[in-house]
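A closer look at the structure
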Amino acid sequence: MILIRRVTLAMLLLLSSCQFLFCQSALNPAIESRIDDLLKRMTVEEKSGQLAQYDGDSAPNLDLVRQGRAGSLFNVFGADRTNAAQRIAVEKSRLKIPLLFGLDVIHGYRTIFPVPIGSASSFDLDLIQQSERVAAKEATAEGVKWVFAPMVDIARDPRWGRIVEGAGEDPYLGSMVAAARVRGFQGSNIADPQSVIACAKHFVAYGGVEGGRDYNTVDISEELLREVYLPPFHAAVEAGTGTIMSGFEDLNGVPATANHHTLTDILRTEWGFNGFVVSDYTSVKELIAHGIARDSSEAVLKAIIAGVDMDMAGGDFGTQLPALAKSGAVPMTVLDEAVRRVLRIKFQAGLFDNPYTDPRRAHDDVLSSANLQVERKMAQESIVLLKNQNNLLPLDPSVKTIAVIGQLADSKADQLGPWAGNGNASDAVTPLEGIKARLPNANILYAKGADILSMEKVYKNPGLYGFVPAPTTATGAAGASTEATPADLQEAITAANKSDVVIMVLGELAQMTGEASSRASLDLPGKQQELLEAIVATGKPVVLVLESGRPLHITWANDHVPAIMQAWFPGVQAGNAIADLLFGDASPSARLTISWPRSIGQIPTYYNHKNTGRPTSETRWHTGYLDESKAPLFPFGYGLTYTNFKYGNLHVETSTINPSETLSVSAEIENTGQRPGTEVVQFYVHDRVANTSRPVRELKGFQRVTLAPGEHKSVEFSVNANDLGSYDPDMKWVVPPGTYDVWVAPNSAEGITGTFEVSAK
Ligand code: NOJ
């Protein structure tokens, strides 16, 4: 009975959502009538098959394709393979419906780009878009038409390994980056043979997992959901993303893959999304483990009623839906609507007319020198300069002897990061290779110094090996891989002592970050901290290049090392881009997209927090810690350049606006240093009084501004007053009247400031 009521409610919502279906993109009547025609001819098994995706092109999977019982294949790439499977679908299956080939193209297909948190640090939307265009061109050349990207989850907790896949902590930046990536992937038309269908994931609030533990529970307010986690998805939908992936997590008691409120009420009814929703990998089946379904039949029922259209890899839609539809538990209208959404994307993507990939394309389109150039620029723009005492950087390229120290300096695979599509480690330029190529006449001494932990051992026994050094045993077996042998360490010290300057490349192995790679400590893994301290003790000038997918615990380094660069994982051109920056052929311009904690106890730390009732006080009775500052080590938006910028003349051109007007603010930015540089000028707003408490600052704009020494420029920001609003306690969007603060700023903790008023009408 309850079920019937829910189903009826779902149908009503579906019907009511139809009025919005035209919001996302106007539907094409010719496509809709071809879908009508197909739906009339499809059996329930064939309909269910369109909603089933299978992993790989094994014989049993290809048999399902032949029977018309598979709509999509995952992890099948290379034109020969995709064409072979496609031939079965369009030549051997009864209705000849083409397959959709999907793949995780997270930061490039073969030309691997910086991990997403790195590319987002560029704040360069055009370049981000261009890099996804490259990824789309390469992926489609090898038969992939659908990418499981962009990952647009906001994340405030660096313990969560998947923070590496997103654009950081800020919903405004996250939205801008999400839209740029969708535009890059999809181009102006998904039927373009060089365009892929995007998939914004993981809907929604997956980044809020408790304790930073992957797949964990998320319990958040509707306000936080709407103000922080939903905006990047909305931006992706507005940019036309063809698909959305539902998340793994339990969201406020209803797992994201069965969450009608988010998947239907918000995504379809409020936003008018008319693409399709795919579950995450086996997340339909996982509704059983979540404890909201007794068996896979009930899991399928809950998922499809909530708004999931395709089951990724689990096989349950394929096996359970026919019976559920025949019994009426899943109304035929619900099944048909899901099939319609999948077919619509296939028609829009031109698959019925052009199902095959020209195998000759790969030769020209994949890993071309033009693609590598885009990657090198993206990598240069992704690396954040955190510290540069006494302008140690850029280094003089005529330096005679350099020590390059650290396992990561000489590791090709790690340059690619954790999720390297069809990337190949042999394509990567390591930091050591990049430095050698830049300085062919210098004496370059390489020493590993210390092994980083073996991931195999960590996976086998995380409790024992964790990321702290394992105890040495009598035989050395347990601790062998984590021990910096005296010989390794000594070799590094000797190299440092012989050199004019030391470049240390330390951090995490790529596999220490990403999915199922949460950490309870942010320390440098293995013996790297000891190595760092030993090398600093030599008294030689040290540049620390960090490679990691998250902020690490580097307070000691920040106190003792003169120059620090956060390189993330820069992709195939890593070594060249790092050398470009180290020797001043390019200038750092990236900014942190997440607040960098001083210690793990501060987490979550994010710039757009609320003020609290006791923000500061002369006495101890204010919010904070007894044993730690509450400020991050580096704030959101922070990053140095090789020059200095002065901010002045803040001018609020519209000192009072009504809710339908536009706010305009300008400021003068001057390069007061000796070298050209690019500043990411940031624009923040704070609403002083509203009916819900507001963050102390919210990013509302940014611009990359390149200035020669002595040059200055007026930078202007215009924002619609409506975009300065917030949700009231009834979740209604309002633009509260009153006084607002504005900042034009180099980061979220500084800037020049002014005020403006919003009038009631
Ligand atoms: C699980 C991940 O959460 C998702 O991001 C990915 O696209 C799928 N696996 C497929 O690999």
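Heads up: the structure comes first, above all this text.
The structure contained in this document is the topic of the report that follows. (Residues numbered from 1 in each chain as written. Predicted model: local features only at pLDDT ≥ 70, side-chain atom pairs only at ≥ 80, totals over all residues. Heavy atoms only, no water.)

What to know about the overall build of the protein chain
The line we're drawing: Each helix corresponds to a stretch of at least 4 residues labelled H or I by DSSP, and each strand to a stretch of at least 2 residues labelled E; elements are numbered beginning at the N terminus. For every residue, the accessible area obtained with a 1.4 Å probe (protein chains only) is divided by the maximum for its type, and the residue is called buried under 20%, exposed over 50%, and partly exposed between those limits. Should any heavy atoms of two residues lie within 4.5 Å, those residues are considered in contact. Residue exposure ignores everything except the shown protein chains as possible cover, and the areas themselves are Shrake-Rupley values with a 1.4 Å probe. Only four residue types enter the charge count, namely Lys and Arg as positive and Asp and Glu as negative; His and the chain termini do not. Charged groups are reduced to one reference atom each: NZ for lysine, CZ for arginine, CG for aspartic acid, CD for glutamic acid.
Along the backbone of the protein chain there are 26 helices and 26 strands. Along the first, second and third principal axes, the C-alpha atoms of the protein chain reach 75 × 70 × 50 Å. Taking all 761 residues of the protein chain together, the buried fraction comes to 62%. Sequence-distant contacts in the protein chain: of pairs separated by 6 or more residues, those separated by 24 or more amount to 77%. As presented, the protein chain carries roughly 27900 Å² of accessible surface, and 51% of it is formed by carbon and sulfur atoms. If the 67 positive side-chain charges of the protein chain are averaged to one point and the 86 negative ones to another, these points end up 3 Å apart.

Some details on the site of the ligand
Note the following rule: Near residues are defined by distance, with any heavy atom within 4 Å of the molecule or strand qualifying the residue. Any pair of nitrogen or oxygen atoms within 3.5 Å is treated as a polar contact; in protein, a donor-acceptor pairing is required on top of that, and neighbouring residues in sequence qualify only through side-chain atoms on both sides.
Around the ligand there are 13 residues in total, and Asp104, Arg162, Lys201, His202 and Asp280 lie nearest to it. Here aspartate 104 contributes a side-chain N or O atom positioned 2.4 Å from an oxygen atom of the ligand. Aspartate 280 has a polar side-chain atom sitting 2.5 Å from an oxygen atom of the ligand. Protein burial of the ligand: of its 300 Å² of free accessible surface, 94% is covered by the chains.

Quick notes on helix α14 (residues 296–306)
Along an α-helix, residues three or four apart share an orientation, since each turn contains 3.6 residues. In terms of burial, α14 is largely enclosed, as nine of its eleven residues are buried. Along α14, the residues that are buried comprise Ser296, Glu298, Ala299, Val300, Leu301, Ala303, Ile304, Ile305 and Ala306. Immediately downstream of α14, the backbone of glycine 307 shows phi near 130°, a positive value.

Quick look at the pairing of strand β15 (residues 542–547)
Note the following rule: At least two DSSP bridges between two strands are required for those strands to pair. The definition of a right-handed crossover adopted here requires that, viewed with the strands pointing away, the path from the first strand over the helix to the second runs clockwise.
Where burial is concerned, most of β15 is hidden: six out of the six residues are buried. Side chains Val542, Leu544 and Leu546 of β15 all project onto a buried face; the interleaved residues Val543, Val545 and Glu547 project onto the opposite face, where all are buried too. Strand direction decides the pairing type here: strand β14 (residues 501–507) and β15, joined by six bridges, are parallel. Across the sheet, methionine 504 pairs through a bridge with leucine 544, a residue of β15. Note on the crossover from β14 through helix α24 (residues 528–536) to β15: the handedness is right-handed. Across four bridges, β15 lies against strand β16 (residues 563–566) in parallel orientation. Looking at β16, one finds that leucine 546 is bridged to glutamine 566. In the classification by handedness, the crossover that spans β15, the intervening helix α25 (residues 555–560) and the parallel β16 is right-handed.

Focus on the nonpolar core
Spelled out, the test is: In this text, buried Ala, Val, Leu, Ile, Met, Phe, Trp, Tyr and Cys residues form a nonpolar core when linked through side-chain atoms within 4.5 Å. An automatic or database domain assignment supplies the start and end points of every domain.
Counting residues in hydrophobic clusters, the biggest one holds 135 residues, and the most contacted among them are Ile405, Met504 and Ile535. Ranked by the residues each element gives to this core, the list is headed by helix α16 (residues 332–348), at eight residues. Counting contributing residues per domain, this core is built from domain 1 (33–352) and domain 2 (386–589), each supplying no fewer than three. Beyond its immediate stretch of four places on either side in the chain, isoleucine 405 contacts Ala447, Lys448, Ala492, Ala496, Val502, Ile503, Met504, Val505, Leu506, Leu531 and Ile535. Within the second largest apolar cluster, 36 residues are counted, among which are Leu509, Val543, Ala563 and Ala579.

Some thoughts on helix α5 (residues 59–66)
To be explicit about the condition: When we speak of the arc, we mean the arc of directions from the helix axis to the C-beta atoms.
All buried positions along α5 are accounted for by Asn61, Leu62 and Val65. Looking straight down α5, one finds that the buried residues subtend no more than 95° of arc, so they occupy a single side. Turned more than 90 degrees away from the buried face of α5, the exposed residues are Ala59 and Pro60. If you follow the buried residues of α5, they end up packed against β1 (52–55), β2 (72–74) and α6 (79–92). Looking at the residues trailing α5, positive phi occurs at glycine 68, about 75°.

Quick notes on the packing of aromatic side chains
The line we're drawing: Stacked, edge-to-face and tilted are the three classes for Phe, Tyr and Trp ring pairs, Trp counted by its six-membered ring, which pair at centre distances within 6.5 Å; planes under 30 degrees apart are stacked, over 60 edge-to-face, the rest tilted. Lysine NZ or arginine CZ positioned within 6 Å of the ring centre and within 35 degrees of the ring normal marks a charge as sitting over the ring.
Counted under the stated rule, the structure contains 21 aromatic pairs. Ring centres 4.6 Å apart and planes at 15° place the aromatic pair tyrosine 607 and phenylalanine 636 in the stacked group. With tyrosine 607 in the loop between α26 (574–582) and β17 (645–652) and phenylalanine 636 in the loop between α26 and β17, this residue pair connects regions lying 29 residues apart in the sequence. Phenylalanine 636 matches tyrosine 607 in its accessibility class, with the two residues each being buried. These aromatic residues form a ring-pair network of at least three members: Phe123, Tyr172, Tyr607, Phe636, Tyr684 and Phe702. A cation over an aromatic ring shows up here: arginine 81 above the ring of phenylalanine 77, its NZ or CZ 5.9 Å from the ring centre. Sitting over the ring of tryptophan 419, lysine 201 keeps its end group 5.1 Å from the ring centre.

Quick word on the sheet that holds β17
Sheet strands associate in pairs through backbone hydrogen bonding, adopting either a parallel or an antiparallel arrangement. Selection criterion: Lines fitted to the C-alpha atoms define the axes, with helices restricted to the stretch that makes contact. Angles between their N-to-C directions range from 0 to 180 degrees.
As summarised here, the arrangement of the three strands in space is β17-β19-β22, forming an open sheet in which the pairing is antiparallel. Looking at strand neighbours, the two that pair on one side only are β17 and β22 (712–720), the edges of this open sheet. On average, each strand axis in the sheet is inclined to that of its neighbour by 25°, with strand direction left out of account. As paired elements, strand β19 (residues 662–671) and β22 share nine bridges and run antiparallel to each other. Residue pairing in the sheet places serine 666 in a bridge with glutamate 716 of β22.

Thoughts on the pattern of salt bridges
Basically, it comes down to this: A side-chain nitrogen of Lys or Arg and a carboxyl oxygen of Asp or Glu constitute a salt bridge if their distance falls within 4 Å.
Summed over all chains, the structure comprises 42 salt bridges. For arginine 704, the salt bridge is made with glutamate 381, and the minimal N-O distance between the two is 3.3 Å. Residue arginine 704 is found in strand β21 (residues 698–707), and its partner glutamate 381 is found in helix α18 (residues 369–382); the two are separated by 323 residues along the sequence. By relative accessible area, which is 25% here, arginine 704 ends up partly exposed.

Side note on the sheet that holds β16
The six strands are arranged β11-β16-β15-β14-β12-β13 in an open sheet whose pairing can be described as mixed. With one partner strand each, in any of the chains shown, β11 (384–388) and β13 (443–447) form the two edges of the open sheet. Taking the axes of each pair of neighbouring strands and ignoring which way they run, one obtains an average angle of 15° across the sheet. Sitting on the sheet, helix α20 (residues 431–438) touches β12 (401–405), β13, β14 and β15, and the angle it makes with β13 is about 170°.

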